[in-house]
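What follows is each chain in one-letter form.
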Amino acid sequence: MLNNSKWISYPTKEDYTCPVFKKKFAADKQIKKATLKITSLGCYYAEINGARVGDFILAPGWTYYKRAQMQAYDISHMLKSENEIRITLSSGWFNGRINIRNRKDLPNVYPALICEMEIVYADNTKEYIYSNEEWECSLSKITFSDIYDGESYDSTYEEKFVPVKVQSYGEFKVVKQQGETVKEQEIIYPRSIFKTPKGETVIDFGQDMTGYFEIDLNAKRGDRVSLSFAEVLDKEGNFYNENFRSAKAKFEYVCDDGHQVYKPKLCFWGFRYIRVDEFPCELTKSSIKAIVVHSELKRTGYLSSSSPLLNKLFSNIVWGQKGNFLDIPTDCPQRDERLGWTGDAQVFIRTASYNYDVEKFFDKWLEDLRLEQKREGLIPFCIPQVHERPGSSTAVWSDASTICPWQIYLTYANKKILARQFKSMCDYVDEIGRITKEKYLWYGCWHFGDWLGLDAPAGSYKGSSDPDIIATIFYAYSVSLVIKAGKVLGKNVTKYEKLHAKILEAGRKKFTEFKTQTECVVALYFDFATDKKAVAHKLANMIIENGKRLKTGFVGTPYLLHALSQNGYTELAYDLLLQEEFPSWLYSVKQGATTIWEHWDGMNDKGEFWSKDMNSFNHYAFGSVADWVYGVACGIQTVEEYPGFEKIVIAPHPTKKLNYLSAKIETRHGTVSSAWYLEGNTFRYEITTPVDTTVIIDGCVREVKKGSYVF
Ligand code: BGC
């Protein structure tokens, strides 16, 4: 692809400044079709005759750094007889501060672009324009851009064009656009503009979001705009963004003369509040609007209930997904991370795949996972990888390699992705066999553990659950997924069946006691515990003794309500879901959250923060509770033998603690919905299904055809 074009860059390596590349060309006959094919190392912003090409924000997206997705844009309508194409480049994810590893690996690689324009005339003759030494470049008016630190634009900057540097970047593969594109999605107008106790001017948009903004102002040449971003206010009501850590997250703008409208081109921020540090004219609600940016995903899932707090939680979960599905699944969108943390993606994928159609989104990310994995089977912490390579895989995080392809198969029946990932799945579980210190367990290795569990010892992020128990249970689980995937794909999985039995045997011998909430949860949910009744009883008691409150972190939380409802404690699961006191999902809602917090105690009753170090207010992991609401409370379940909702099981678990609850998922076979209403002392169930479905209500099993039913 793009074989006749050359990689071009600015002649010197200018970190964080944005070069602009230009080329004039004529198209003096009638045009039938014109196409621009382009990709870059770093992000690009292309214009033809002053108009933006396409609407892909931060194109070409973020992939394994040795491959770059190529986009093809129809530019037929943009061409005149004399034309100028201009392409601005930023370091973006490729070479920005975010990409620590690649910046070390690639000291001599500059942000670069490669492109080709094909013009087909009405007389069927063709003309091509390639990126090559004939192009010119200059530093641009975007004088600074970094994903963590923000963007600066100087309207007064005079460009000085020089010849480009042609690079021989054969090691970077140009591939077709594989993932979803990232686009502007919605506009949010200021809810209020106010002065803080410190006297600073702050705009509140009422929603923690990811994206940027547009300013509209009158100014004199050289006047300045300076903005800072935050997700929360501190307990005094002052602007607070220490939780962004080293991410400066600023916007600086030097004005031109007169009326001007500007929005950033190559950066994004995670924010609800904007502090206006400098603004040359009166600031009103029409001076600025926020623009929400994320991957173009079709919304497919909806939850609603009779509880306004619960509805707000559902909304926060969706906003957590919008804020963190920006080309890759990220942990958070605001601080100096914004990374494709594998654990977070794995924990949230089931919920994610019900809320939105994420098939294509994960197709690309999983391909990158496979490419980053390398020969020894190791799955790095983040995909794309940015850290120094860890010594070995880590339980729960690296299990993204088995859990994610399997979930995409269950939700969308995508066998192709499963087949492509199958070797990666096997390599991963094989690696565990090599690194464990005790055969058939995953024992004695380093893990994140029950990350952010509330039973963590003082000063630690790791909950007190035994990492070896968690790792061994996930080892068995991942091997079980290899077996299931292998069977779907017609592979011989005898080796893994034997291994699975051995892990269970050795694991059950070694780990006979489950002491924490999370240990009990995973032992139950993953069928590891042999005496489930006793373990479930113990889990229930621990929760009740803790005032019907959880203590689980990233590992236990996604399965907590499942483990309870599968073992006869559905009412206790609802108690946790509807708990309003700390720690709980609704506690953050009552504290005014508009997204999902990283920590149960991100902010306490007094408005104090638990820490400034690890305190994101937009971290979707705990939002994984929605899959219990879809799958258990409303009871919509996939069937492994008929993936993609070709057949469905609907087994609702209602409670009298709510007057109604409803779930709807637009599947590939049509819309399935399940709702129940408390009427007097009984429940009315309303079910609509697009396919043959098994409905299970109160233990009574009914086989139904597609249609709508009331029970
Ligand atoms: C991230 C997490 C991630 C974790 C690894 C954090 O800094 O924000 O969400 O999974 O590190 O334990």
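Residue positions are given per chain, counting from 1 as you read along its sequence in written order. The predicted nature of this model means local features are confined to residues of pLDDT at least 70 and side-chain atom pairs, given and counted, to a pLDDT of 80 or more, with totals for whole chains, interfaces and linings taken over all residues. The side-chain figures draw on all heavy atoms in the structure; neither hydrogens nor water molecules are used.

(A) Focus on the pattern of salt bridges. Any Lys or Arg side-chain nitrogen located within 4 Å of an Asp or Glu carboxyl oxygen qualifies as a salt bridge. All chains considered together, the criterion is met by 52 salt bridges. In this structure, Arg-335 and Glu-598 form a salt bridge, with 2.8 Å as the shortest nitrogen-oxygen distance. You can see Arg-335 sitting in the loop between strand S28 (328–329) and helix H4 (342–355) and its partner Glu-598 sitting in the loop between helix H14 (585–590) and helix H15 (626–633), a full 263 residues away along the chain. Linking Arg-350 and Asp-627 is a salt bridge whose minimum nitrogen-to-oxygen distance equals 3.4 Å. Of this pair, Arg-350 sits in helix H4 while Asp-627 sits in helix H15, and the two are 277 residues apart along the sequence. One network of salt bridges, in which partners are shared, links Glu-200, Arg-224, Lys-250, Glu-252, Arg-275 and Asp-277. Working definition: helices are DSSP H or I runs of at least four residues, strands are E runs of at least two. Numbering for both runs from the N terminus.

(B) Examining the layout of surface pockets more closely. By volume, the largest pocket amounts to about 940 Å³. Every definition here rests on a 1 Å grid over the protein atoms only: cavities are sets of points where a 1.4 Å probe fits but cannot get out, pockets are open sets enclosed by protein on both sides within 12 Å along at least five of seven lines, and lining residues have some atom within 4 Å of a point. Lining the largest pocket are 37 residues; nearest its centre among them are Arg-350, Tyr-477, Tyr-525, Gln-566 and Glu-640. Of all elements in the fold, only H4, helix H6 (400–412), helix H8 (467–488), helix H9 (494–510), helix H12 (557–565), H15 and strand S29 (636–638) reach the threshold of two or more residues within the lining of the largest pocket. For the lining of the largest pocket, the leading source of residues is H8, giving six residues. Within the lining of the largest pocket, the residues separate by chemical class into 18 nonpolar, 12 polar and seven charged. Grid points are joined across faces, edges and corners, and a volume is the space filled by probe spheres set on the points. Three classes are used, and their members are as follows: Ala, Val, Leu, Ile, Met, Phe, Trp, Tyr, Cys and Pro are nonpolar, Asp, Glu, Lys and Arg are charged, and the others, Gly among them, are polar.

(C) Up close: the packing of helix H13 (residues 570–578) against H15. With their axes 12 Å apart at the nearest point, H13 and H15 run at an angle of 145 degrees to one another. The handedness of the crossing between H13 and H15 comes out as left-handed. Mapping the contact onto sequence places Ala-573, Tyr-574 and Leu-577 in H13 and Trp-628, Val-629 and Ala-633 in H15. The class makeup of the residues in the contact of H13 with H15 is six nonpolar, no polar and no charged. Orientation is described by axes fitted as lines to C-alpha atoms, over the contacting stretch for helices, and by angles from 0 to 180 degrees between their N-to-C directions. Crossings are classed by handedness, with left-handed meaning an anticlockwise turn of the near helix from the far one by less than a right angle and right-handed meaning a clockwise turn. Note on contacts: a residue pair qualifies if any of its non-hydrogen atoms lie within 4.5 Å across the two residues.

(D) Up close: the sheet that holds strand S13 (residues 162–163). Pairing between two strands requires that DSSP report at least two bridges joining them. Reading across from one edge, S5-S4-S7-S2-S10-S13 is the order of the six strands in this open sheet, with antiparallel pairing throughout. At either margin of the open sheet sits one strand with a lone partner, and together these are strand S5 (51–52) and S13. Across two bridges, strand S10 (residues 136–139) lies against S13 in antiparallel orientation. Counted as the bridge partner of Glu-136 is Pro-163 from S13.

(E) Inspection of the pairing of strand S22 (residues 250–254) at higher detail. In this structure, strand S12 (residues 150–154) lies alongside S22, joined through five bridges in parallel fashion. Bridging across to S22, Asp-154 finds its partner in Val-254. Taken together, the five bridges between strand S19 (residues 224–230) and S22 define a ladder with antiparallel strand orientation. Looking at S22, one finds that Arg-224 is bridged to Val-254.

(F) Here's a closer look at the domain arrangement of the protein. Considered domain by domain, the protein is made up of domain 1 (7–177), domain 2 (184–295), domain 3 (301–633) and domain 4 (648–710). Counting residues at the interface gives 22 residues for domain 3, matched by 17 residues for domain 4. Put simply, buried area is how much 1.4 Å-probe accessible surface two parts lose in total, over both of them, once they are put together. Overall, the association of domain 3 and domain 4 removes approximately 1700 Å² of surface from exposure, summing both partners, and the carbon and sulfur fraction of that is 53%. The three residues of domain 3 that bury the most area against domain 4 are Tyr-302, Ser-306 and Tyr-574, which together make up 28% of that side's buried surface. Across the pair Lys-657 and Asp-575 runs a salt bridge, and its minimum N-O distance is 3.0 Å. The term polar contact refers here to a pair of N or O atoms within 3.5 Å; inside protein, the definition further demands a hydrogen-donor-capable atom paired with an acceptor-capable atom, and it admits residues adjacent in sequence only when both atoms are side-chain atoms. Applying the counting criterion to the domain 3 and domain 4 interface returns 14 residue pairs in polar contact (both at pLDDT 80 or more). Sorting the residues of the side of domain 3 that touches domain 4 by element identifies strand S26 (301–305), helix H3 (308–324), H13 and H15 as the ones contributing at least two each. For the side of domain 3 that touches domain 4, a count of residues per class yields 12 nonpolar, six polar and four charged. What fixes the domain bounds is an automatic or database domain assignment.

(G) Local environment of unusual backbone geometry. Of the consecutive residues Ala-59 and Pro-60, the connecting peptide bond is found in the cis state with omega at 10 degrees. By the element assignment, Pro-60 lies in the loop between S5 and strand S6 (67–74). Geometrically, the link from Phe-582 to Pro-583 is a cis peptide bond, its omega value of -10 degrees lying close to zero. Following the sequence through the fold, Pro-583 ends up in the loop between H13 and H14. A positive phi angle, close to 55 degrees, is found at Arg-245, a residue other than glycine. If you trace the backbone, Arg-245 turns up in the loop between strand S21 (239–240) and S22. Burial status follows relative accessibility: with a 1.4 Å probe on protein chains alone, a residue under 20% of its type maximum counts as buried, one over 50% as exposed, and anything between as partly exposed. When its relative accessible area of 28% is taken as the criterion, Arg-245 is described as partly exposed. The phi dihedral of Asp-327 falls on the positive side, at around 70 degrees, and the residue is not glycine. Relative to the helices and strands, Asp-327 resides in the loop between strand S27 (325–326) and S28.

(H) Expanded view of the side chain of Ser-138. Position of Ser-138 relative to the elements: it lies in strand S10. Given the relative accessible area of 1%, Ser-138 is considered buried. In terms of polar contacts, Ser-138 uses its side chain to reach the backbone amide nitrogen of Lys-160, at 2.9 Å. If near-sequence neighbours (up to four positions away) are discounted, Ser-138 is found in contact with Tyr-10, Cys-18, Pro-19, Val-20, Glu-159, Lys-160 and Phe-161.

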